[in-house]
Amino acid sequence: MSPHVLTLSYLLVVLAGASVALQQVLNANLRAHLGSPWWAGSVSYLVGLVAMLAVALVAPGPRLTESFTGTAPWTSWTGGLFGALFIGIAILMVPRLGAATTLALIVVGQMIGSLAFDHFGILGIPQQPATAIRMAGAACLILGVVLIRA
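The model shown is predicted, which means the values in this text are computed figures rather than measured ones.

A. The overall build of the protein, seen in detail. Scanning the protein from N- to C-terminus turns up six helices and zero strands. Summarising its shape, the C-alpha atoms of the protein cover approximately 50 × 45 × 35 Å along the three principal directions. In the protein, once contacts between residues fewer than 6 apart in sequence are set aside, the share between residues at least 24 apart is 56%. In the structure as shown, the protein presents an accessible area of about 10,800 Å², 77% of it carried by carbon and sulfur atoms.

Written out as structure tokens, the structure is:
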């Protein structure tokens, strides 16, 4: 991968991270207006579903009938449940802890989880050991939460 493509990739991922922060603030605001975290989360998923369907319908690649073979393990179909858990908890916690603390803790959870998934090769991903350097990076994220919370 060229340095320019790598830099653009990094910037896109940072943009995706910023969009998660924006999504949580918007969802928390919607919760306040609707009076329900569950309706706010449902609206968030509905809008996301419409957006993803629009892209899926116009993007090149296989259609759903071509992709759906029924051979995927049942666990592969459960990602949305964890997305709902994430959205629900974030909607409840942003007003209590603030957006920065909530998202910092989410990133710590993502890092700890991803280090475990990588280290043990969970769910078939390639194993990558949790080296001392990678653990130090996770510790820096935890320190970041402490500093943001101070």
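B. Representation of the packing of helix α1 (residues 3-34) against helix α4 (residues 79-97) in the model. At a minimum axis separation of 9 Å, α1 and α4 run at an interaxial angle of 70°. Looking at the two axes, α1 sits roughly perpendicular to α4. Contacts from V20, Q23, Q24, N27, A28 and R31 of α1 reach α4 at F86, I87, A90, I91, L92, V94 and P95. By residue class, the composition of the contact of α1 with α4 is nine nonpolar, three polar and one charged.

C. Inspection of the pattern of salt bridges at higher detail. The full count for this structure, using the stated rule, is one salt bridge. One salt bridge in this structure joins R134 and D118, with 2.8 Å as the shortest N-O distance. In this pair, R134 is assigned in helix α6 (residues 132-149) and D118 in helix α5 (residues 99-120), connecting sequence segments 16 residues apart. Judged by relative accessible area, which is 28%, R134 ranks as partly exposed.

D. Broad picture of the packing of α4 against α5. Where α4 meets α5, the axes come as close as 7 Å, and the angle between the chain directions of the two elements is 140°. Overall, the two elements α4 and α5 adopt an arrangement that is oblique. For the pair formed by α4 and α5, the contact residues are F86, A90, M93, V94 and L97 on the first element and A99, T101, T102, L105 and I106 on the second. Partitioned by chemical class, the residues of the contact of α4 with α5 number eight nonpolar, two polar and no charged.

E. Quick look at a nonpolar patch on the surface. Taken together, the side chains of I112, I142, L143, V146 and L147 present a nonpolar region at the surface, about 480 Å² in accessible area. For the nonpolar patch, the element with the most residues is α6, which contributes four residues.

F. Region of the structure containing α4. Helix length check: α4, at 19 residues, gives a terminal C-alpha distance of 26 Å against a target of 27 Å (1.5 Å per residue), a fit within 8%. The sharpest bend along α4 comes to roughly 25°, located at I91, with the proline P95 sitting one to four residues further on. Of the positions making up α4, those classed as buried are G83, I87, G88, A90, I91 and V94. Elements in contact with the buried residues of α4: α1, α2 (37-58) and α5. Following α4 by one or two positions, G98 has its phi on the positive side, about 90°.

G. Inspection of the environment of G137 at higher detail. Here G137 lies in helix α6. In this structure G137 comes out as partly exposed when scored by relative accessible area, which is 32%.

H. Spotlight on unusual backbone geometry. For L123, which is not glycine, the phi torsion reads 60° and is therefore positive. Considering the arrangement of structural elements, one finds L123 in the loop between α5 and α6. According to the relative accessible area criterion, L123 is exposed, its value standing at 72%.

I. Structural context of the side chain of T78. Looking at where T78 falls in the secondary structure, it is placed in the loop between α3 (64-67) and α4. Within the structure, T78 has its side chain in polar contact with the backbone oxygen of T75 (distance 2.7 Å).

About the criteria used
Residues numbered from 1 in each chain as written. Predicted model: local features only at pLDDT ≥ 70, side-chain atom pairs only at ≥ 80, totals over all residues. Heavy atoms only, no water. Helix = DSSP H or I, 4+ residues; strand = E, 2+ residues; numbered from the N terminus. Contact = heavy atoms within 4.5 Å. Areas by Shrake-Rupley, 256 points an atom, 1.4 Å probe, with all protein chains shown as cover. Axes fitted to C-alpha atoms, helices over the stretch in contact; angles between N-to-C directions. Parallel < 35°, antiparallel > 145°, perpendicular 65-115°, else oblique. Nonpolar A, V, L, I, M, F, W, Y, C, P; charged D, E, K, R; others polar. Salt bridge = Lys/Arg side-chain N within 4 Å of Asp/Glu carboxyl O. Buried < 20%, exposed > 50% of the residue type's maximum accessible area, 1.4 Å probe, protein only. Patch = residues over 30% accessible without salt bridge, like charges linked within 9 Å, V, L, I, M, F, W, Y side chains within 5 Å. Expected span 1.5 Å × (residues − 1). Bend = angle between axes of the 7 residues up to and from the residue. Polar contact = N/O pair within 3.5 Å; in protein donor to acceptor, adjacent residues only side chain to side chain.

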